[in-house]
Amino acid sequence: MESRISYSSEVELKTTLRELVIYIIFLINLCIATFGMVNMERYFLNRVMSYVFLEPSSGDDSSGFSNIRSRADFWRFAEGPLLDGLYWDKRYNNATLTPQNKSYIYYENLLLGVAQIRQLKVRNNTCAIYPYFHTFIEDCYSDYHYRAEDRSDFGLGNGSEWKYTSASSLSLWYWGSMSWYNNGGYTFTLPRTKQESMEKLAFLRQNSWLTRGTRVVFIDFSTYNANLNLFCVIKLVAEFPATGGALTSSHIYSVKLLRYVTYYDYFLASCEIIFCLFIITFIIQEAIKMVKLKKEYFRSAWNWLELLLLGTSVLAIAFNIYRTVEVSLLMEELLSDDHVYPDFYFLAFWQVRYNNMVAINVFFAWIKIFKYVNFNKTMTQLSSTLSRCAKDLTGFAIIFFTIFFAYAQLGYLAFGSQAEEFSSFQNCIFTQFRIVLGDFNFYTIESANRVLGPIYFITFVFFVFFVLLVGTILKYLSFCLSSREELWHSAVRQCFSPQGGSGLALAAPQHTWAERQSEPFCRSSQWARHCAALPSSKQPQKGLLDHKTSTLHLSLC
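Residues numbered from 1 in each chain as written. Predicted model: local features only at pLDDT ≥ 70, side-chain atom pairs only at ≥ 80, totals over all residues. Heavy atoms only, no water.

Chemist: Which parts of the structure should I look at to understand the overall build of the chain?
Modeler: Helix and strand counts for the chain stand at 16 helices and eight strands. Within the span of the chain, comprising 557 residues, buried residues form 39% of the whole. By sequence separation, contacts in the chain at least 24 residues apart represent 69% of the contacts at least 6 residues apart. Counting only carbon and sulfur atoms, one obtains 62% of the accessible surface of the chain, whose full area is about 32600 Å². (Helix = DSSP H or I, 4+ residues; strand = E, 2+ residues; numbered from the N terminus. Buried < 20%, exposed > 50% of the residue type's maximum accessible area, 1.4 Å probe, protein only. Contact = heavy atoms within 4.5 Å. Areas by Shrake-Rupley, 256 points an atom, 1.4 Å probe, with all protein chains shown as cover.)

As structure tokens, then:
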């Protein structure tokens, strides 16, 4: 019987080690394929574009896009830093760039086509005015929402900038700081030269292209760096909320849409093919396990992790194929005319989503390693501890988050109109997590409310940190000590029971009770105290003790 158990354990261990080696090969291949498509140049390219368009020039601190606070600031930016950044027609020594009508931002990044500017408006009388103010206020423009959007012609009405244009089905809605924005709008493109663009922007400003109903303006353009084979897709967004003023945001995506150019790219392509073969093999293995185990399959957390990993992998493979085909079909069409705006934002947006999906996939792939190292007792300590404390942790989580969300609602209602950290409920949640970690600004809370602010802060820190967290740690330590004491008594009872605890004692070296008492470990104070506490009836007459069990007792001491 013992030989069968030993043989079965040895076979299981060999199988686990073989699966671990295969999985490590899969993981190395996955890391090569994923890390090979990213590099530091993407970050530096994003920083270069930020220097040009977002940050103010050295001469005027209010000229940058991030410093726009009104419609007048927008026109000042559009006619100044925007055109200076888009049109690099001369070198540092004033020498004219060749070829003509081509702009190279920082002399390395080719401007693809032309830039596009688009705005969305809301209609007048889209909000309710209190009757007392009817005699004072005639116009009312609400916040942006789809039903309040203005699609009628306005202004001169003889161009695309004055007529509403519906977007193509591929265009995406934009999630801004104030609302979700439609993909249509009043659109125009800038000419190929800087002088013509300046004249067109001045003409639109003089004819009030931006109105009271304007809620958002988008500036879109794309560049290509042949040195790095990277596309940079840029979207600058200026929102004009119903409160007045302006909010700015930007998205700069540096993506590699043309994937397979160099020999190294083809090597990465071979790694991607190997990855697909691994995924197909894993899917077949999991399907066989499902058929064999049926409902029992879904009771294991590792199987759920496996399904999640396979699901994200299949989605990543499908999108990679779709992206490659779509780029090859659209590239020639988008670059066919230099006088139109090539909309690479759709491809860049989904490329970034694909990168995020791959990042999550790699994360779960590394977590799965713990499935194959469970045969090691050290590796299973965390999982066994969490499983034993699951009920206590669940109870603590309910208490903690009840108090946590109660304080979040208090902060949102009391300080939401005064402090940015509490301006929304989700901001309150992140702010409170920062307080728990020690990253907070007490002056902001106190400035929002001189009485309620300090009370909120002191009570939150006391209840959430000192009472709940410290109390939980002390309870956990008490639990560990009680478990250790319980394990000690159980081991002693097992060792000195008449049956010897298990059949293994029969194969161990035989010692009498007197011989055991004379050994050094039995003369130790802690061991002797437990030996003396046992009734004489519990002490075996033949004194058959397991040497390995005694060693376990010594380690507990």
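Chemist: Is there a simple way to explain unusual backbone geometry in this structure?
Modeler: As a rule of thumb, non-glycine residues mostly have phi less than zero, and peptide bonds are mostly trans rather than cis. A positive phi angle is found at Tyr106, which is not glycine, with a value near 55°. Looking at the element boundaries, Tyr106 is found in the loop between strand 1 (104–105) and strand 2 (109–121). The phi dihedral of Lys294 falls on the positive side, at around 55°, and the residue is not glycine. Note that Lys294 resides in the loop between helix 5 (263–293) and helix 6 (301–334).

Chemist: Please clarify how the pattern of salt bridges should be interpreted in this entry.
Modeler: Side chains that differ in charge, positive against negative, can pair when their charged atoms come close. The final tally for this structure, using the stated rule, is 15 salt bridges. Lys194 is the partner of Asp84 in a salt bridge, and the nearest nitrogen-oxygen pair spans 2.6 Å. Taken as a pair, Asp84 in helix 3 (residues 71–86) and Lys194 in helix 4 (residues 194–206) lie far apart in primary sequence, 110 residues in all. Residue classification places Lys194 among the partly exposed residues on the basis of a relative accessible area of 24%. In this structure, the salt-bridge partner of Lys121 is Asp150, at a minimum N-O distance of 3.8 Å. Residue Lys121 is found in strand 2, and its partner Asp150 is found in the loop between strand 2 and strand 3 (174–175); the two are separated by 29 residues along the sequence. The exposure class of Asp150 is buried, given its relative accessible area of 12%. (Salt bridge = Lys/Arg side-chain N within 4 Å of Asp/Glu carboxyl O.)

Chemist: Any chance you could explain the state of the cysteines here in plain terms?
Modeler: What makes a disulfide is a covalent bond joining the sulfur atoms belonging to two cysteines. Scanning the entire structure with this criterion turns up one disulfide. Disulfide pairing is shown between Cys127 and Cys140; the S-S distance is 1.4 Å. Between Cys127 and Cys140, the S-S torsion sits near -120°, and that sign places the bridge as left-handed. Pair noted here: Cys127 is in the loop between strand 2 and strand 3 and Cys140 is in the loop between strand 2 and strand 3, with a separation of 13 residues, a long-range link. Of the residues examined, Cys140 reaches a relative accessible area of 11% and is grouped as buried. (Disulfide = S-S within 2.5 Å.)

Chemist: Could you clarify how one ought to interpret a nonpolar patch on the surface in this entry?
Modeler: Together, Phe401, Phe405, Tyr412, Leu413, Phe425 and Phe433 line one region of the surface with nonpolar side chains, adding up to about 550 Å² of accessible area. Of all elements in the fold, only helix 10 (390–415) and helix 11 (425–436) reach the threshold of two or more residues within the nonpolar patch. Take Phe401: it is sitting in helix 10. Phe401 sits in the partly exposed class, given a relative accessible area of 35%. (Patch = residues over 30% accessible without salt bridge, like charges linked within 9 Å, V, L, I, M, F, W, Y side chains within 5 Å.)

Chemist: Just checking my understanding: could you explain the environment of Met331 for this structure?
Modeler: Examined against the element boundaries, Met331 turns out to sit in helix 6. Each C-alpha atom, one on Met331 and one on Leu257, is 9.5 Å from the other, the two residues being 74 residues apart in sequence. In contact with Met331, not counting residues within four places along its chain, are Phe231, Leu258 and Phe344.

Chemist: Looking at this model, I keep getting lost on the UniProt feature "transmembrane region" (unreviewed entry) in the chain. Mind explaining?
Modeler: Feature annotation in UniProt assigns "transmembrane region" (unreviewed entry) to the following positions: residues 20–40, 266–284, 304–322, 354–373, 393–415 and 455–477. Between the end C-alpha atoms of residues 20–40 there is a gap of 32 Å, over a span that is 81% helix and 0% strand. Helix makes up 100% of residues 393–415 and strand 0%, and the two end C-alpha atoms of the span are 32 Å apart. (UniProt positions renumbered as here; feature names shortened; annotations may be inferred.)

Chemist: What is the right way to read the nonpolar core from this model?
Modeler: Generally speaking, a soluble globular protein has its nonpolar side chains buried in company with each other. Ranked by size, the top nonpolar core spans 69 residues in total, and within it Phe53, Phe74, Trp209 and Phe221 carry the most contacts. The dominant element in this core, judged by the number of residues it contributes, is strand 7 (residues 230–239), at eight residues. With near-sequence residues (within four places) excluded, Trp209 lies in contact with Trp75, Ile117, Arg118, Gln119, Phe154, Glu161, Trp162, Tyr186, Phe188, Leu204 and Thr214. Phe26, Leu30, Ile279 and Leu309 belong to the second-largest nonpolar core, a separate cluster that totals 22 residues. (Core = buried A, V, L, I, M, F, W, Y, C linked by side-chain atoms within 4.5 Å.)

Chemist: Where do I start with helix 10 in this structure?
Modeler: Every α-helix winds through 3.6 residues per turn, so residues three or four apart in the chain are directed the same way. Look at helix 10: 36 Å from first C-alpha to last across 26 residues, which is about the 38 Å you get at 1.5 Å a residue. If you check which residues of helix 10 are buried, you get Phe400, Phe404, Tyr407, Ala408, Gly411 and Phe415. (Expected span 1.5 Å × (residues − 1).)

Chemist: Looking at this model, I keep getting lost on the packing of aromatic side chains. Mind explaining?
Modeler: The geometry of an aromatic ring pair comes down to the distance between the two centres and the angle between the two planes. Throughout the structure, instances matching the rule amount to 51 aromatic pairs. Geometrically, the ring pair formed by Phe26 and Phe282 is edge-to-face, given 5.1 Å between the ring centres and 80° between the ring planes. Taken together, the positions of Phe26 in helix 1 (residues 2–35) and Phe282 in helix 5 put the pair 256 residues apart, joining distant regions of the chain. Since its relative accessible area comes to 0%, Phe26 is described here as buried. Relative accessible area serves as the criterion here: at 9%, Phe282 is assigned to the buried category. Ring centres of Phe363 and Phe364 lie 5.4 Å apart, and the angle between their planes is 65°; this geometry places the pair in the edge-to-face category. (Phe/Tyr/Trp six-rings, centres within 6.5 Å; stacked < 30°, edge-to-face > 60°.)

Chemist: What am I meant to see in the pairing of strand 7 here?
Modeler: For a regular strand, side-chain orientation follows a simple rule: the groups alternate between the two sheet faces. Along strand 7, 10 of the 10 residues are buried, which leaves the element largely enclosed by surrounding structure. Burial along strand 7 is two-sided: Leu230, Cys232, Ile234, Leu236 and Ala238 and Phe231, Val233, Lys235, Val237 and Glu239, pointing in opposite directions, are all buried. Pairing geometry for strand 6 (residues 214–225) and strand 7, over 10 bridges, is antiparallel. Residue Thr223 lies in a different strand from strand 7, and its bridge partner there is Cys232. (Pairing = 2+ DSSP bridges.)

Chemist: Whenever I open this one, the packing of helix 3 against helix 4 confuses me. Can you help?
Modeler: Relative placement of two packed helices is described by the angle separating their axes and the distance separating the axes. Look at helix 3 against helix 4: their axes get within 10 Å of each other, and the N-to-C directions meet at 170°. Comparing the axis directions of helix 3 and helix 4 gives the class roughly antiparallel. Taking contact as the criterion, the partners of Trp75, Ala78, Glu79, Leu83 and Asp84 in helix 3 are, on helix 4, Lys194, Ser197, Met198, Leu201, Ala202, Leu204 and Arg205. Of the residues contributing to the contact of helix 3 with helix 4, the split by class is seven nonpolar, one polar and four charged. (Axes fitted to C-alpha atoms, helices over the stretch in contact; angles between N-to-C directions. Parallel < 35°, antiparallel > 145°, perpendicular 65-115°, else oblique. Nonpolar A, V, L, I, M, F, W, Y, C, P; charged D, E, K, R; others polar.)

Chemist: Before we go on, may I ask you to explain the side chain of Thr126 in this structure?
Modeler: Relative to the assigned elements, Thr126 resides in the loop between strand 2 and strand 3. Here the side chain of Thr126 touches Arg123 through a polar contact of 2.9 Å, landing on its backbone oxygen. At 3.0 Å, the side chain of Thr126 and the side chain of Ser142 are in polar contact. When near neighbours in sequence (up to four residues on either side) are disregarded, Thr126 contacts Cys140, Tyr141, Ser142 and Ala148. (Polar contact = N/O pair within 3.5 Å; in protein donor to acceptor, adjacent residues only side chain to side chain.)

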